[in-house]
Structures are given as C-alpha cells and as structure tokens.
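Inside the fold
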Amino acid sequence: MTSVRVGGEAGTTVADVVAVARHGASVELAETVYARIAAARDVVQRLGGGDVPIYGVNSALGANTGQRLDATDLADYQRRAILARAVAVGPAYDAASVRAMLLARIAGMAAGGSGVSQHVLDALVAMVNRRVHPVVPRFGSIGVADLPQLSHLALPLIGEGRAELDGATLPGDEALRRAGLAPVTLAPKDGLALISANAATIGRAALVIDDALQLAAAWRTAIALSLEGFRANLSPLDERAAAARPAPGQVEAAAQFRALLDGSALLAPHAARRVQDPLSFRVVAQVQGSLQASLATVRNLVELELRSAAESPLVVAADGVMLSNGNFHLPALALALDSTAIALAQSTSLAAERVIRFMSPAFTDLPLQLTRRGPAHSGFATLQKTVTALWSEIRMRANPASLDFLPVSEGVEDHATMALGAVERLADMLERIRYVVAIELLVAGQAIDLRGLPSASLGAGSRAAYAGVRDIVPMLEDDRPLGPDVDALAARVASGAFGVLPA
C-alpha cells in the first residue's frame, strides 16, 4: 500500500487527499512534525495554567466567550466541547469523504499551530490507517469552522458516536477496539484542536475539485466531437487568435482543443461549412478557459489550506504566545467556489445550445432532429427536454452560496461563509453536468454518422471519443429509449474514460 507523508516541506496536495480518500493510501507524519507539535504543546501547557484568559483553553467557547473555566475542569471541558457540538444531521458522508476530512485535519495539525497533544494526532493517523471511518452527517456547518461535522469526526476518537469498520457500523468505542485502538484522553485544547477547523470543507473540496477537473477534461473531448459533427470553423482556436487576448485559461484551452483535433480534416483550408458559427461553437476556448481558470483557483486555495495552520487561538511556538484570530474563516475559498459554480453554469448553457442547434437543419445541413427516417420518427427531439431540465437544475445551483447566513451565538458569530454548502452545491452540479456532457457526446456522434465521416477524417482526440461513444451505444436508426444511452455514457464520463488525451 502506498503512503502519503504529511507535514513535510512539499505540503499536502489535492492528489494526496485523493490517494488517501479514494485509493486507500496510508498516512505517515514527516519527522519534522514531532518537534513542532512538542514545541506548541509546551506553550499550551504553560499558558493554559496562567491567569490570562485563552479562548477554548481556560476560557469558554461561543456565546460564553470570556467566561473562565475552573482549573480542575479544563480537560473535561474539551470532551464536552466535542459532545455539545455534534449537531450535524442528515445522511452520512461516504468513507472516502470521511478519509479526506481526516487527512485534512491531520495536515492542519501537522503544521504545528494547533497545540494538540501528540497522542491525539497519532490517534487520528491510526484511524485512517486502520480504516476506522466515523459516521459524519452532511448538514450543519455554516463555515465558521466545520464544528458540527468535525465533532462527529472526533466522537469515535473519545469512545463516543459511531464509526464504520469493515462494512459494519459500530459504536465508536467498539470500532476502535476491533481495530486494535483505544479511545484517547484529552488534555486542554485537544478538543478545540480537533473541531475548530475547516477540515470537512477542505477534504470535500479536494475531492470535488478533482472530480471537476476530470469532468472538464471529458467536456473538452465532447466539445471537440461537436466541432467535428457540426463541421465548425476552427479559426477561433488558432494559436494566434488565442494569444492576441490571453485571458485566463483561454490560451491553454485553445491548445487543448487543437490537440484533440490534431489531424482533423476540418483543419484543411476552406473545410468549414460556415464563415462564422453560433457562439456556442465559436467561443468554446474563452468559456472553457474561464472554467479552467476558476478550477485552478479553487485547487490552489484548497492546497493553501492543506499546508496552513488555520487555528484560533494559534500557537506561535517561536514566540511562546497564543493568538486569537480569524484564520478559520474561508471567504476567498467560498467566493472562488461561487465563481466556479457560475463558470460551470455558463459552460453548461453553451453545451445545451450546441445540442439544440444540432436538431436544426438550418444550422447543420443535417436531417431534422438528427433522424433520416423522416417526420414519422422523433429522433433526438425529446432529448432537448432532458438537456433543458438539466440546465435548469444547474442554473439554480449557480446562485451564490456565500451570501446566505444568519447571526448566531448571541451575535458573536455574525458572519459566515457557508463554505461547506458551497462545496456540496458544486458536487451536485457536477453530477448533473455529467449527463449534459453525455448528451453532447451522443448527439455529436449521431451527427458524424449522418455525415458519413470516415474515422480517419477526425482528429486524434475526437476519433478516440467517437470510438468511445460507439463502444457503448449504436447510432440511432429507429426510435428507441435514449435515457439508458445517456446513463451509460454518463457513467463512462464519470469513470474518466473521455478525459484522457490519446497517446
């Protein structure tokens, strides 16, 4: 089994999260982590017993901020802090998402600013490696740290809650026992270190952005196939045109489309049917480039969080202090997620328009509704309803998530980013977009068949995409249920089969 080293100079990446969450990689701490943890822990122990109030250590949390804790209650308070904040509800996250959350919290602690006890961090690592997956409900976080989700994540660690092990859902203490582990005893700040972070958001965002990047690659392949089936004018993809106004992502997207279309007969002079195509074909480099730039921004922000100590209070061991701060707040990530949702919706609107344009002989010089059987057959006509319904659902989810919050905790928490909700909204969009991409592949493949284009006339990537479509569904001759065809293609899109450039 491969392993991911956390806390080293390279930092933890989205690829590391995917390896641990989805491919079963184990986790190990870099040697430098232990010294950082020990130094920060010394500061917690020294200041926690002093007279200066420290949030969450010798002073209470939330609306009780500033209320001093009894010196004999400091450790027990950490346990109660977890129990009282385990208020998430709804369906539980899958094991991969839970593993991503665990790794995100381990990475944050390994940065050294949490002041956590070494045995607590070691216990988190052991849970990942022994595949003890806490039951974490989906709803509850408002983005002012993922307190509800992380409390559920921490419950089995203290012998509470429930966890999945080897396919069985068990009481937390029983899951630990079967895995050869034991509940941990918390010391001052340990409970706060476990729950006052955004590991649910960061872990889920890493998985969702990986899915989005794979989907974007498949989408480019589907667009290349559409350009072939439409017999589009490829001059908008010319390297000189892209370089003349190098907007974020545009040059890269144009180059990717040219690679997919390498060898296409459309590249020959005067091969295009029209001088100018509808904008849904003509501006694909600009729109897909904007999407890619948005996805890159989110990925970079997620990786920034994975290598940061976003703790409050933050232990600065070098100076021997603990600083209250707002680094648990994620407005930059929330705004980037909102921007990416809009970019996805904009790209979807173009895909829906391309599908609908394919139905019209005035635009394609092909039979109405892509059937050569005449008016007694519907062909692809009613598939326009499906793509419209999907577009509507995607458009609704493009609304900003980061603006919807209410003040809580007696007005102390009067702003929220709703970052986890923004991540989950993106995941919901991706699920629906896969069907749109599948429909575009299906329709473009039919157009290529109706034109009688030989495979050799297609570009390298579009040729591979066409073969992939026909490997799953045949050309539409007589009317048949097209829903199963779309489902089958969407599953292949989700698998990544359409997102790899040919060798």
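Above this text sits the structure in question.
The rules we used
- Residues numbered from 1 in each chain as written.
- Predicted model: local features only at pLDDT ≥ 70, side-chain atom pairs only at ≥ 80, totals over all residues.
- Heavy atoms only, no water.
- Core = buried A, V, L, I, M, F, W, Y, C linked by side-chain atoms within 4.5 Å.
- Buried < 20%, exposed > 50% of the residue type's maximum accessible area, 1.4 Å probe, protein only.
- Helix = DSSP H or I, 4+ residues; strand = E, 2+ residues; numbered from the N terminus.
- Contact = heavy atoms within 4.5 Å.
- Pairing = 2+ DSSP bridges.
- Arc of directions from axis to C-beta.
- 1 Å grid on protein atoms, 1.4 Å probe; cavity = no way out; pocket = protein on both sides within 12 Å on 5 of 7 lines; lining within 4 Å.
- Points joined across faces, edges and corners; volume = space filled by probe spheres on them.
- Nonpolar A, V, L, I, M, F, W, Y, C, P; charged D, E, K, R; others polar.

Core analysis: the largest hydrophobic core is formed by 147 residues, its most contacted members being V6, I106, L194, V302, F380, M429 and V443. By residue number, the principal contributor to this core is helix α17 (residues 419-451), which donates 20 residues. Beyond its immediate chain neighbours, meaning those up to four positions away, M429 contacts A341, L344, A345, I394, R397 and A398.

Here we come to the pairing of strand β7 (residues 168-171). The sheet contact formed by strand β6 (residues 162-165) and β7 spans 4 bridges and is antiparallel. Along β7, the bridge assignment pairs E164 with T169. Hairpin connection from β6 to β7: 2 residues lie between these consecutive antiparallel strands, with D166 at a positive phi of about 55°.

On to the sheet that holds β6. In spatial order, the strands read β4-β6-β7; together these 3 strands make up an open sheet with antiparallel pairing. Since the sheet does not close on itself, it has two edges, and those belong to β4 (133-134) and β7, each with one partner. In this structure, β4 lies alongside β6, joined through 2 bridges in antiparallel fashion. Following the sheet pairing, H133 is matched in β6 by E164.

Of the residues making up helix α11 (residues 250-260), those classed as buried are Q250, A253, A254, F257 and L260. Axial view of α11: buried residues confined to an arc of 120°, hence all on one face. Packed against the buried residues of α11 are α9 (199-230), α10 (239-244), α13 (284-306) and α18 (460-472).

All right, on to empty space enclosed by the protein then. In the structure shown here, the tally under the stated rule is 2 cavities of 30 Å³ or more. Considered as a void within the structure, the largest cavity measures approximately 110 Å³ in volume. A104, R105, G108, A197, N198, A199, I202, E305, S308, A310 and E311 together form the lining of the largest cavity. Of all the secondary-structure elements, those providing two or more residues to the lining of the largest cavity are α4 (95-110) and α9. With 3 residues, α4 is the largest single contributor of residues to the lining of the largest cavity. Split by residue class, the lining of the largest cavity holds 5 nonpolar, 3 polar and 3 charged. Of the pockets and cavities examined, the second largest cavity occupies roughly 40 Å³. If you go around the second largest cavity, the residues you meet are L227, N233, L234, P236, L237, F281, R282 and V284. Tallied by class, the residues present in the lining of the second largest cavity amount to 6 nonpolar, 1 polar and 1 charged.

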